[in-house]
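Examining the three-dimensional arrangement
Chain by chain, the residues run as shown.
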Amino acid sequence: MTDLSRRAALLAGTASGAMAALRFSAARASAARAGLPIPSEIRASAQGVIVLGAGAGTMRFVPGQPAATSTYGYNAAFLGPALRLRRGQTVTIDFTNYLPEPTTVHWHGLIIRGEVDGGPHSPIAPGGRWRPVLSIDQPAATLWFHPHVYPTTAAQVAKGLAGLLIIDDDDADRLKLPSRWGLDDIPLIIQDRRFGHGGQFFDRMNLTAVTNGYVGNVALVNGVRYPEARTSRGWIRLRLLDGSNARSYLLEASDGRSLFVIGSDGGLLEHPVELKQIMIHAGERFEVLVDCRSGVPFDLVAVPTGEPIMRLPPFDGPLPLLTIRPDGADGPGLLPTSLVKLPAIPTTLPAVSQELVMNMFRDKDGMARLIRAGLGMSSEGAESLMRDGPGMSMGGKMPPMESRPRMNMVGKMDPAVVARVTELIEGQPSMPRAEQLAANGINGRPFALDKLDFAAPLGQLLRWRISEGDDRMPHPVHIHGCQFRIVSQRGQPPEAYRAGWKDTAPISGGSDSEILLRFPHPAGPDAPYMAHCHILEHEDSGMMASFTVG
């Protein structure tokens, strides 16, 4: 089974091309639809303070749910507010941990000192208080905040700990973009969840989880299943956050209208990028303008993508996530032809100073079990495998990748395969903690809180290469303490909508990304920065490295 870690048996290309022709009509009636919740905006007080707390609550997510789901949230039962900050502002966050367990608050995408970054070296005990001072000096952008406590980040995010952090500045204000919160400026936190007995969130760090990440079977937008957003007419701004633990989304409009990408993780692009579909990975954000001047409603649809385990129902076909119903008054927002000026990429790049290789040490075992369950195979091949075992005609060895039957990625999955794979997701026991922490790594070793992995210089322009080992799973890699530019993906320039400021670089298929970055603030050994895969189950099982800057 030497080839299993490469996952080629489970990769049969994307269904996006074939599925792009399938369109949904937005729901015609809205009487029984839940409205899209809009996170409340919180700005600093006259004293420059924002009060924030993490606590436990309950929510009902699914009609007919027998009991309320236990949740976590920031200043709310589930998810949290949108913190509005402005470039040049200094803000104190007065944070209290009301949870029954330690947590941290990481300001994802914010360029700040290591001591206030909120990484795993800065835990806040139950009942504890933390008052970081954040000095904001970066362009207007849609960022977010979430816990980063090791090794339970995935569980805390799954329960609901996530919120938006939005930076405004004068340059963005002058563009007259849609900016009326909840009317034509719509935040969309997209997540998947799986519910277990009694309506509680299912979450288990077993072999399938540390291999593939969290696999939900319900899509939520701002904490609601298939909601409806009543907006103004005109140009609508969608602030997209993939807040899922692991899932990537290929998004399109149900009627095929264009999506104009105006911003990425760290701020606005130089020019809008017109797309019919946009791919977004865990931790990434994009700002998108949509032309709603006609008043015609449409759905935002997730098209099947990613590894076959991420195509389990209901993600095995185009899945409407929410309806946009632009039936309000005309809005004043515009789509500019030009946005902001970005620094030019130097013609001569510095030498690569840091390699980050993502490692999966249990990939072969995890993939073997999925293949035995029939995932990635035709129904005939799956039944043969379950009957005869893998490679029985080859002396018990798994056949070469190229000889294995491949699953048709367009259309519904075989229910028998779905049942067997679901049993692996839900039925496998949790890993012992020591085994979990050694399942993945970076540069050949798992993360350890008491070890530093490398050091980076302060203020210098750097070039890093991020790649993966012998697996081919997507890894959205997040770097703390900076916003960077992707200079190449698979040896080619990045897609136009990823050519701006980024803090998360996706890699997949055994490829690499090279990034150009600079660290303007220090990070010491007591509060170092992190580099990690933003599939949170990978992060919580060792795929993370710590580094100092100074």
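Refer to the preceding data block for the structure.
Just so you know, these numbers come straight off a predicted model, no measurement behind them.

Topic: the overall build of the chain
Helix and strand content of the chain: nine helices and 31 strands. For the chain, the proportion of its 550 residues judged to be buried stands at 60%. Within the chain, residue pairs in contact and separated by at least 24 positions form 81% of the contacts whose partners lie at least 6 positions apart. When the accessible area of the chain is evaluated, it comes to approximately 19,900 Å², of which 54% is carbon and sulfur surface.

Here's the deal with helix H7 (residues 415-427)
When the terminal C-alpha atoms of H7 are compared, their 17 Å separation across 13 residues agrees well with the 18 Å that a helix rising 1.5 Å per residue should span. For H7, the set of buried residues is Val 417, Val 418, Arg 420, Val 421, Leu 424 and Ile 425. One side of H7 holds all its buried residues, which, seen down the axis, span an arc of 170 degrees. More than 90 degrees from the buried face of H7, the exposed residues found are Pro 415 and Glu 423.

A look at the sheet that holds strand E6 (residues 106-108)
A sheet is described by the order of its strands in space; here five strands give the open sequence E1-E4-E10-E9-E6, paired in mixed fashion. Only two strands of the sheet have a single neighbouring strand rather than two, namely strand E1 (41-42) and E6. In this structure, E6 lies alongside strand E9 (residues 141-146), joined through three bridges in antiparallel fashion. Residue pairing for E9: His 106 is matched across the bridge by His 146.

Some words on the layout of surface pockets
By volume, the second largest pocket is sized at about 440 Å³. Surrounding the second largest pocket, 20 residues form its lining, Ile 111, Pro 343, Gln 483, Trp 501 and Arg 518 being those nearest its centre. Taken together, the residues that form the lining of the second largest pocket break down as twelve nonpolar, four polar and four charged.

Topic: the sheet that holds strand E15 (residues 249-253)
Across the sheet, which stays open at both edges, the five strands sit in the order E13-E21-E20-E15-E18 with mixed pairing between neighbours. Either end of the sheet is taken by a strand with one partner, and the two such strands are strand E13 (228-230) and strand E18 (277-280). The sheet shows a mean angle of 25 degrees between the axes of neighbouring strands, direction not considered. As defined by bridge partners, E13 adjoins strand E21 (residues 319-325) across three bridges and the pair is classed as parallel. Residue pairing across strands places Glu 228 opposite Thr 323, the latter belonging to E21.

Thoughts on the pairing of strand E2 (residues 49-59)
Bridge analysis of E2 against strand E5 (residues 90-97) gives six bridges, and the strand direction is parallel. Bridge pairing links Ala 54 to Asn 97 in E5.

Digging into the environment of Ala 456
For Ala 456, the location among the structural elements is in strand E24 (residues 454-456). With 91 residues separating them along the chain, Ala 456 and Phe 547 place their C-alpha atoms 7.0 Å apart. What Ala 456 contacts, discounting residues up to four positions off in sequence, is Leu 462, Trp 464, Phe 519, Phe 547, Thr 548, Val 549 and Gly 550.

Let's talk about the packing of aromatic side chains
The full count for this structure, using the stated rule, is 18 aromatic pairs. Geometrically, the ring pair formed by Phe 78 and Phe 201 is tilted, given 6.1 Å between the ring centres and 40 degrees between the ring planes. In this pair, Phe 78 is assigned in the loop between strand E3 (69-74) and strand E4 (82-86) and Phe 201 in the loop between strand E11 (185-193) and helix H4 (207-212), connecting sequence segments 123 residues apart. Accessibility classification places Phe 78 together with Phe 201 in one group, the buried group. Among the aromatic residues, ring-to-ring pairing joins Phe 454, Trp 464, Phe 519, Tyr 529 and Phe 547 into one connected group. A cation over an aromatic ring shows up here: Arg 33 above the ring of Tyr 226, its NZ or CZ 3.7 Å from the ring centre. Positioned over the ring face of Trp 501 is Arg 485, at 5.5 Å from the centre of the ring.

Things to note about empty space enclosed by the protein
For the structure on display, the rule yields four cavities of 30 Å³ or more. Approximately 130 Å³ is the volume attributed to the largest cavity. If you go around the largest cavity, you meet 14 residues; those closest to its centre are Ala 246, Ser 248, Met 310, Met 473 and Pro 474. Tallied by class, residues from the lining of the largest cavity come to seven nonpolar, five polar and two charged. Considered as a void within the structure, the second largest cavity measures approximately 100 Å³ in volume. Arg 204, Ala 209, Gly 213, Tyr 214 and Val 215 are the residues nearest the centre of the second largest cavity, which is lined by 13 residues in total.

Focus on the pattern of salt bridges
Counted according to the given criterion, the structure contains 36 salt bridges. Two residues, Arg 131 and Asp 94, come together in a salt bridge whose shortest N-O distance is 3.1 Å. Here Arg 131, found in the loop between strand E7 (129-130) and strand E8 (133-135), pairs with Asp 94, found in strand E5; they are 37 residues apart in sequence, far enough to count as distant. For Arg 131, a relative accessible area of 42% puts it in the partly exposed group. Take Asp 94: its relative accessible area is 11%, and that puts it in the buried class. The shortest N-O distance in the salt bridge between Asp 192 and Arg 247 comes to 2.9 Å. Of the two residues, Asp 192 sits in strand E11 while Arg 247 sits in the loop between strand E14 (234-242) and E15, which places them 55 residues apart along the sequence. Of the two residues, Asp 192 and Arg 247, both sit in the buried class. Taken together, the shared-partner salt bridges connect Asp 265, Glu 284, Arg 285, Glu 495, Arg 498, Lys 502 and Asp 503 into one network.

Rules and cut-offs
- Residues numbered from 1 in each chain as written.
- Predicted model: local features only at pLDDT ≥ 70, side-chain atom pairs only at ≥ 80, totals over all residues.
- Heavy atoms only, no water.
- Helix = DSSP H or I, 4+ residues; strand = E, 2+ residues; numbered from the N terminus.
- Buried < 20%, exposed > 50% of the residue type's maximum accessible area, 1.4 Å probe, protein only.
- Contact = heavy atoms within 4.5 Å.
- Areas by Shrake-Rupley, 256 points an atom, 1.4 Å probe, with all protein chains shown as cover.
- Expected span 1.5 Å × (residues − 1).
- Arc of directions from axis to C-beta.
- Pairing = 2+ DSSP bridges.
- 1 Å grid on protein atoms, 1.4 Å probe; cavity = no way out; pocket = protein on both sides within 12 Å on 5 of 7 lines; lining within 4 Å.
- Points joined across faces, edges and corners; volume = space filled by probe spheres on them.
- Nonpolar A, V, L, I, M, F, W, Y, C, P; charged D, E, K, R; others polar.
- Axes fitted to C-alpha atoms, helices over the stretch in contact; angles between N-to-C directions.
- Phe/Tyr/Trp six-rings, centres within 6.5 Å; stacked < 30°, edge-to-face > 60°.
- Lys NZ or Arg CZ within 6 Å of the ring centre and 35° of its normal.
- Salt bridge = Lys/Arg side-chain N within 4 Å of Asp/Glu carboxyl O.

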